[in-house]
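# Structural overview for review
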Amino acid sequence: MGKGANTVTPLATHHHEAGGLDQTLEFLERTRSELRQLRRVCVGQDRLRVHDVNGDVFEIIGLGYVDPDVIHLLKSINTAYDPRTRHLPTAAEFKEFKLGRCHPRAEDRVM
Amino acid sequence: MLQTPSKPSMNEARDQDPFNNSSYGTLVDAPYKLVSLPVLDVLDFNERIIRGYEDGSAEKGLPADLSMARSLVPAGTATLRDFSNIAPEIPLYIPENCTGCMDCVTQCPDTAILGKVLSEAELEERLATITEPADRDMFRTQWSRTKKYFDAPKKKGLPGGMFNIIIDPSKCKGCAECVTLCDDNALKMADKTDEVMTAARKSHRYFKNFGPSNAQYISDNLLIDMMLKEQTHLYTGGAGSCAGCGEGTALRMLCASTGSKYGDQWGIVAATGCNTVYTSTYPYNPYLVPWTNSLFENAPAYAIGVRMRWDQMGWQDRPLWCLGGDGAMFDIGFQALSRLFASGMNIKVFVLDTQVYSNTGGQASTSSFTGQNTKMSVHGKVLGGKQERRKEIAQIAMMHPRSYVAQTTCAHTNHFYRSVLGALEFDGPAIVVCYTTCQPEHGVGDNMAADQARLAVDSRAFPLLVYDPRKGNTLKERLSLQGNPASKDDWYVNPKTKEPVTFIDFARSEGRFSKQFDRDGNPSQTLLRAKEDRLENWHLLQELAGLR
């Protein structure tokens, strides 16, 4: 089974409930430190999985790409995704977005 | 009179390096690389000056002396440098999952992950030399039976080869590039506990003690296996580049492919830039071949002089590489580069194209993409990042008389090696332009060099090409776009998402373009122009290659 596989058993799972965005964000923030460098996030119709370089995964069930709440989660881990197409249906099981983008060194320094 | 006990050599086990991980030789131990120069005493340099830097006494006790005044540094001194303490994590090898693809070994920017193949009998023979049973068992479990080295030779009636990947803990900077590349779960990052580090240090020591790979398992036709040979490791670990530096990998692969054909009988003239800083931060030098640096703008002119002298000495058969970044080759040294092509001389140019002046803090070069946020094109109210279009040095070089041109990335390993070997085989001037990440300036993770290089090609930001004047009489015969996905189409379509991969997708994944997107993710007009620019450039290449 490859590292990118979405069948890997997650290290932890959180069940997202309507109105429970803060708890879901808190779960992600708390568990983030247990992952290594983040690699990608996969968002299906009803779940979201965050993968690190080791292939370890955290899963949030009950939150898919159609749900506007997912935007807050994607932004909280600096996901490279297109908000204009994020919610559109896909034939694939998951939409896959890259992680790892960061601020360039001294990006606001003017010479 | 009391006698002071002599200190062990820097190339031997000592208190600071009990398993002698920081020793000369990459796959096997080797002595210092001595030179017969009256002005440079290698033994003195390595034992006195390097020791001073490694034990921290240099700034207090080393006098300014003649070797320092001459700025001479012996070959390969970076191998004596210890980087064990700069990162909190190190990769661990999981042999049962390994396929022997060699991607991790090839792409490591720091020569910190190494491979070896021995027959079963050879392995048992070597294991028997480990006196400590626990160590013997520990190291035995790190050898794997892969289809590539074990099953395939067996089918041919040869003994199966046992394969081992090892991490050199004294050189690894913990970037996780190798782990990111490994699709087989054969590497994972782990915390550097005492137990992990002791096992890594011991394993690396046994790895070097076990001698070279058995040559019968190394196919010369399989370019990715070249790093199983000691002669290809002419760029040691210990350079001062950032963790995950894309340039480091490019230089290693350049040295490996040149070394595979010419051993260490070749040289480098380097233009000032990041590459010269991290490969000559006194007193550390990762090169095991002659290397020189003068200024920023004159490397091609300097190389012409070296070539002339070498030819006078009868060294016509020794390749000479002229290295530089995009600032040195696209901008400030451009006229010298053009002169080099016009000369028709047998000099090979290698460009580390990071699309920015990385060394001096990230100023725009003519290689920077439209929309890129750099220090000389800061994204603000008046201007949204760089407004000019990117200069295409490959196309300009193609229009010089009879010059070999390639544009490649390290992530396209076979294309890279073939481009470099093609340049070396060509009897005349050649240029290989290599896309490389600069993590701090691009705004991408330390582990993303290969990922971003692949996306740069897929999105037409940086197309692969080879222009070989020997291939025919027409442009389309000489220019090949092989290696680019969907080379007859405008954009490559991702088979998973069924969506085209454009420059906007590339830009979205890097911090240097983040200000080009509004809160809703809409790209700016500047970025849309950049996308059109990349498509126009791609169309031009398609036209020249007869694909349009």
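In what follows, the accompanying structure is described. Since this is a predicted model, take the numbers as computed values, not measurements.

## Topic: the overall build of chain B
In terms of helices and strands, chain B carries 21 helices and 15 strands. What you see for chain B is a C-alpha radius of gyration of 24 Å, in line with the 24 Å of a compact globule of 548 residues. Expressed along its principal axes, the backbone C-alpha trace of chain B runs to roughly 75 × 55 × 50 Å. Of all 548 residues assigned to chain B, the portion counted as buried reaches 53%. Considering only contacts within chain B whose residues lie at least 6 apart along the sequence, 73% involve residues at least 24 apart.

## Quick word on the packing of helix 12 (residues 299-312) of chain B against helix 14 (residues 334-343) of chain B
Residues and elements named next belong to chain B. The interhelical angle for the contact between helix 12 and helix 14, taken along N-to-C directions, is 35°, at an axis separation of 7 Å. Between helix 12, through Pro300, Ala301, Ala303 and Ile304, and helix 14, the contact on the second element is made entirely by Ala336, Leu337, Arg339, Leu340 and Ser343. When grouped by side-chain class, the residues that make up the contact of helix 12 with helix 14 number 7 nonpolar, 1 polar and 1 charged.

## A closer look at the sheet that holds strand 13 (residues 479-480) of chain B
Residue and element names in this part refer to chain B. Taken in spatial order, the 8 strands line up as 7-6-8-9-11-10-12-13 in an open sheet, and their pairing is mixed. This sheet does not close on itself; its edge strands, each paired only once, are strand 7 (291-293) and strand 13. In the sheet, strand 8 (residues 320-325) pairs with strand 9 (residues 348-353) via 5 bridges, with the strands oriented parallel. Its bridge partner being in strand 9, tryptophan 321 is matched across the sheet by lysine 348.

## Focus: the interface of chain A and chain B
Interface size is commonly expressed as the accessible area that is lost once the parts come together. Chain A puts 27 residues into the contact, and the matching count from chain B is 33 residues. Looking at the side of chain A that touches chain B residue by residue, the classes come out as 9 nonpolar, 7 polar and 11 charged.

## Regarding the environment of Ser403(B)
All names here are of chain B. Tracing the chain through its elements places serine 403 in the loop between helix 15 (393-398) and strand 10 (404-409). Spatially, the C-alpha atom of serine 403 lies 24 Å from that of glutamate 247, the residues being 156 residues apart in sequence. The residues contacting serine 403, other than those within four sequence positions of it, are Phe341, Ala397, Gly428, Pro429, Ala430 and Ile431.

## Comments concerning the pairing of strand 8 of chain B
Residues and elements named next belong to chain B. Taken across its 6 residues, strand 8 has 6 buried, putting it largely inside the fold. Where strand 6 (residues 267-270) meets strand 8, 4 bridges bridge the pair, whose relative direction is parallel. For alanine 270, the partnering residue across the bridge sits in strand 8 and is leucine 323.

Basis of the calculations
- Residues numbered from 1 in each chain as written.
- Chains lettered and ligands numbered in written order.
- Predicted model: local features only at pLDDT ≥ 70, side-chain atom pairs only at ≥ 80, totals over all residues.
- Helix = DSSP H or I, 4+ residues; strand = E, 2+ residues; numbered from the N terminus.
- Rg over C-alpha atoms; globule rule 2.2 N^0.38 Å.
- Buried ≥ 20, exposed ≤ 12 C-beta atoms within 10 Å, placed from the backbone.
- Contact = placed C-beta atoms within 7 Å.
- Axes fitted to C-alpha atoms, helices over the stretch in contact; angles between N-to-C directions.
- Nonpolar A, V, L, I, M, F, W, Y, C, P; charged D, E, K, R; others polar.
- Pairing = 2+ DSSP bridges.

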